[in-house]
Amino acid sequence: MTRANLALIVLSVFLSASGQVVLKYGASGERIRAAVAAGGWAEAAFAMLTSPAVLLGLIIYGLSAVSWVVVLTKVDLSQAYAFVSLGFVLVFLSGWLVLREPFVPSRLIGTLVIAGGCYLISRA
């Protein structure tokens, strides 16, 4: 795999993970949580679609999808898709560092196993 293709894959995965973190931040807002708890789909959808953080997360996630399509024009799916697992690594770290989610040792071990697998696949 070329460095350029690897960089494009990492960019796509980074955008995907970043979009998820921003979506989580937006979904954690009181207005959205209250709308979802109330059970009305229309109210919840309106709260989500008028949340700047949710909209930003969707835009970032959309950019990741566009970059992923470019990846798929250049790299075998079976090789590229393994790198989607790097999203777990990025989300674990972002959840802990940015969202202040609890640090769980078993999650760290699983994350390291995933990172090791990605390294092995990148060498193929």
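Preceding block: the structure.
Definitions and limits used
Residues numbered from 1 in each chain as written. Predicted model: local features only at pLDDT ≥ 70, side-chain atom pairs only at ≥ 80, totals over all residues. Heavy atoms only, no water. Helix = DSSP H or I, 4+ residues; strand = E, 2+ residues; numbered from the N terminus. Buried < 20%, exposed > 50% of the residue type's maximum accessible area, 1.4 Å probe, protein only. Contact = heavy atoms within 4.5 Å. Areas by Shrake-Rupley, 256 points an atom, 1.4 Å probe, with all protein chains shown as cover. Lys, Arg positive; Asp, Glu negative; His and termini not counted. Charge placed at Lys NZ, Arg CZ, Asp CG, Glu CD. Phe/Tyr/Trp six-rings, centres within 6.5 Å; stacked < 30°, edge-to-face > 60°. Expected span 1.5 Å × (residues − 1). Axes fitted to C-alpha atoms, helices over the stretch in contact; angles between N-to-C directions. Parallel < 35°, antiparallel > 145°, perpendicular 65-115°, else oblique. Left-handed = near helix turned anticlockwise from the far one by under 90°. Nonpolar A, V, L, I, M, F, W, Y, C, P; charged D, E, K, R; others polar.

### Digging into the overall build of the protein
The number of helices and strands found in the protein is 7 helices and 0 strands. Listed N to C, the secondary structure of the protein is α-α-α-α-α-α-α in terms of helices and strands. When its C-alpha atoms are laid out on the principal axes, the protein stretches across 50 × 35 × 20 Å. Expressed as a percentage of the 124 residues in the protein, the buried residues total 31%. Considering only contacts in the protein between residues 6 or more positions apart, those separated by 24 or more positions represent 70%. Approximately 8,000 Å² of the protein is accessible, and the part contributed by carbon and sulfur atoms is 72%. Averaged over its 8 positive side-chain charges, the protein has a centre that lies 11 Å from the centre of its 4 negative ones.

### Side note on unusual backbone geometry
Here Arg-100, not a glycine, exhibits a phi torsion of approximately 60°, which is positive. Note on placement: Arg-100 falls in the loop between α6 (86–97) and α7 (105–122). With relative accessibility at 67%, the residue Arg-100 sits in the exposed group.

### What about the environment of Ala-44?
Tracing the chain through its elements places Ala-44 in helix α3 (residues 41–49). Separated by 10 residues in the primary sequence, Ala-44 and Ala-34 have C-alpha atoms spaced 8.2 Å apart. Leaving out residues up to four positions away in the same chain, Ala-44 has contacts with Ala-35 and Val-36.

### Points about the packing of aromatic side chains
Scanning the model with the defined rule gives 3 aromatic pairs in all. An aromatic cluster is present here, built from Phe-92, Trp-96 and Phe-103 joined pairwise through their rings.

### Focus: helix α1 (residues 3–27)
The terminal C-alpha atoms of α1, which comprises 25 residues, lie 36 Å apart, in line with the 36 Å expected from a rise of 1.5 Å per residue. Of the positions making up α1, those classed as buried are Asn-5, Leu-8, Ile-9, Ser-12, Val-13, Leu-15, Ala-17, Ser-18, Gly-19, Val-21, Leu-23 and Gly-26. Packed against the buried residues of α1 are α2 (30–38), α4 (52–72), α5 (77–80) and α6.

### Observations regarding the packing of α2 against α3
Relative orientation of the contacting elements α2 and α3 amounts to 165°, with a least axis distance of 8 Å. By the angle between their axes, α2 is roughly antiparallel relative to α3. The way α2 lies across α3 gives a crossing that is left-handed. Seen from α2, the contacting residues are Arg-31, Ile-32, Ala-35, Val-36 and Ala-38; seen from α3, they are Glu-43, Ala-44, Ala-47 and Met-48. Each residue belonging to the contact of α2 with α3 can be placed in one class, and the counts come to 7 nonpolar, no polar and 2 charged.

### Observations regarding the side chain of Thr-111
With respect to the secondary-structure elements, Thr-111 resides in helix α7. Apart from the residues within four sequence positions on either side, Thr-111 is in contact with Phe-88, Val-89 and Phe-92.

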